[in-house]
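# Breakdown of the fold
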Amino acid sequence: MSDHIPEIKLIKDYYKILGLKRTASTEEVKDAYMKLVKKYHPDVNHGNEAAGVLFNEINEAYSVLGNLETRLDYSLALYMQDDIRREAWEQLRDKKGGNLRLTLDDL
């Protein structure tokens, strides 16, 4: 049996994109979105391709987190992803005799 862990396609962390904790209120989500969308709007950042990409990610994040139903579905999927990553890390650690120094971000 190999030590290879299959690659898991990770869900984007929309909370991180908006600079929020997962426990953010609906109002905090909206406030963060409004602040960031103004900062990275293409009209304010003429020709700045990186700002345009970030602007699109901010809008994508808000389209999910700004709606209570989609936020609930997304949050559930994000927590499930965390559990899968944690389980994979624990299995790898156990195979190595407990002497593995990794964080979840290493997976």
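Everything discussed here concerns the structure shown above.
Computed from a predicted structure; not experimentally measured.

## Overview of the overall build of the chain
A count of helical and extended segments in the chain gives four helices and zero strands. Secondary structure elements in the chain, listed N-terminal to C-terminal, are α-α-α-α. Expressed as a percentage of the 107 residues in the chain, the buried residues total 25%. Across the chain, the fraction of contacts at a sequence separation of at least 24, relative to all contacts at a separation of at least 6, is 56%.

## Things to note about helix α3 (residues 49-65)
Every α-helical turn comprises 3.6 residues, leaving residues that sit three or four positions apart pointing alike. The end-to-end C-alpha distance of α3 is 24 Å, a good match for the 24 Å that 17 residues give at a rise of 1.5 Å each. Here α3 has its buried residues at Ala51, Phe55, Ile58, Ala61, Val64 and Leu65. Each element contacted by the buried residues of α3 is listed here: α1 (14-17), α2 (26-39) and α4 (68-95).

## Structural notes on the environment of threonine 23
Locating threonine 23 in the fold gives a position in the loop between α1 and α2. Overall, threonine 23 belongs to the exposed group, its relative accessible area being 67%. Beyond its immediate stretch of four places on either side in the chain, threonine 23 contacts Glu28 and Arg71.

## Remarks on the packing of α3 against α4
In contact at an axis separation of 6 Å, α3 and α4 are set at 100° when each is read in the N-to-C sense. The angle between α3 and α4 falls in the class roughly perpendicular. Residues Ser63, Val64 and Leu65 of α3 form the contact with α4, whose participating residues are Thr70, Arg71 and Tyr74.

What counts and what doesn't
Residues numbered from 1 in each chain as written. Predicted model: local features only at pLDDT ≥ 70, side-chain atom pairs only at ≥ 80, totals over all residues. Heavy atoms only, no water. Helix = DSSP H or I, 4+ residues; strand = E, 2+ residues; numbered from the N terminus. Buried < 20%, exposed > 50% of the residue type's maximum accessible area, 1.4 Å probe, protein only. Contact = heavy atoms within 4.5 Å. Expected span 1.5 Å × (residues − 1). Axes fitted to C-alpha atoms, helices over the stretch in contact; angles between N-to-C directions. Parallel < 35°, antiparallel > 145°, perpendicular 65-115°, else oblique.

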